Amino acid sequence: MFFKKKNHVPTLELYAGGTQIYRGSLKDIPLKEAVILEKSVEFFNDPEPCHIHRGAVRVRLTAEIQQEMENQRDPGCPGPLLMKYANFETIDRCVLKD
């Protein structure tokens with residue numbers, strides 16, 4: 001319990017028009033509020049999620065984004081989940097770093 005190994009959290013870089021628009025932890029990526037609410041209803045039947053449900057939705061969505069990025073045929077090209085979930089107007093390129 002005291003010496004529990006922490007999971008490594010990858011860093012994500014997002015670019016639009018050649019400009020970096022996000023660099024930070026994948027777990028901290030801004031997500032669209034509408035998506036969080038939609039998924040909260042889907043996962044928990046909770047249209048007004050508390051911080052615990054919001055956190056659980058965030059963990060699940062970022063895990064889906066990470067899996068999508070790791071399985072991309074064209075690395076660097078944003079996948080449909082990233083485009084749907086992330087709260088950015090446009091994303092031209094993405095880089096997932098360990």
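The structure under discussion appears in the preceding block.
Residues numbered from 1 in each chain as written. Predicted model: local features only at pLDDT ≥ 70, side-chain atom pairs only at ≥ 80, totals over all residues. Heavy atoms only, no water.

(A) Quick peek at the sheet that holds strand β2 (residues 19–25). Read across the open sheet, the three strands follow the order β2-β1-β3; overall the sheet is antiparallel. A strand with exactly one partner marks an edge of an open sheet, and here the two such strands are β2 and β3 (93–97). Recorded for the sheet is a direction-independent mean angle of 15 degrees between the axes of neighbouring strands. Note that strand β1 (residues 11–16) and β2 share six bridges and pair antiparallel. Looking at β2, one finds that Tyr 15 is bridged to Gln 20. Lying on the sheet, helix α2 (residues 51–70) is in contact with β1 and β3; it crosses β3 at an angle near 100 degrees. (Pairing = 2+ DSSP bridges. Helix = DSSP H or I, 4+ residues; strand = E, 2+ residues; numbered from the N terminus. Axes fitted to C-alpha atoms, helices over the stretch in contact; angles between N-to-C directions. Contact = heavy atoms within 4.5 Å.)

(B) Quick peek at the pairing of β1. Counting buried positions over the six residues of β1 gives five, a clear majority of the element. Linking β1 back to β2 in an antiparallel pair, the connection comprises two residues, with Gly 17 at a positive phi of about 60 degrees. Pairing analysis gives five bridges linking β1 to β3, with the strands arranged antiparallel. Residue pairing across strands places Glu 13 opposite Val 95, the latter belonging to β3. (Buried < 20%, exposed > 50% of the residue type's maximum accessible area, 1.4 Å probe, protein only.)

(C) Structural view of the nonpolar core. Core analysis: the biggest nonpolar cluster contains 18 residues, and Leu 12, Leu 14, Ile 29, Leu 31, Ile 65, Leu 82 and Phe 88 have the highest contact counts within it. Ranked by residue count, the leading element in this core is α2, at four residues. (Core = buried A, V, L, I, M, F, W, Y, C linked by side-chain atoms within 4.5 Å.)

(D) Layout of the packing of aromatic side chains. For the coordinates displayed, the defined rule picks out two aromatic pairs. Ring geometry for Tyr 22 and Phe 88: centres 6.1 Å apart, planes at 55 degrees, overall tilted. Taken together, the residues span a long stretch of sequence, with Tyr 22 in strand β2 and Phe 88 in the loop between α3 (80–85) and β3 at a distance of 66 residues. Accessibility expressed as a relative area gives 13% for Tyr 22, which makes it buried. Classification of Phe 88 by relative accessible area gives buried; the value is 18%. On the basis of an interplanar angle of 90 degrees and a centroid distance of 6.4 Å, the ring pair of Phe 43 and Phe 44 is categorised as edge-to-face. On the basis of relative accessible area, Phe 44 is assigned to the partly exposed category, the value being 33%. Sitting over the ring of Phe 43, Arg 60 keeps its end group 3.9 Å from the ring centre. Over the aromatic face of Tyr 15 sits the side chain of Arg 93, whose NZ or CZ is 4.1 Å from the ring centroid. (Phe/Tyr/Trp six-rings, centres within 6.5 Å; stacked < 30°, edge-to-face > 60°. Lys NZ or Arg CZ within 6 Å of the ring centre and 35° of its normal.)

(E) Summary view of α2. The end-to-end C-alpha distance of α2, which contains 20 residues, comes to 28 Å, matching closely the 28 Å that a straight helix rising 1.5 Å per residue would cover. Considered for burial, the residues of α2 that qualify are Val 57, Leu 61, Thr 62, Ile 65, Glu 68 and Met 69. Take α2 and look down its axis: the buried residues cluster within an arc of 125 degrees, on one side only. Of the exposed residues in α2, the ones pointing more than 90 degrees away from its buried face are Ile 52, Val 59, Gln 67 and Glu 70. Residues of α2 that are buried make contact with β1, α1 (33–44), α3 and β3. (Expected span 1.5 Å × (residues − 1). Arc of directions from axis to C-beta.)

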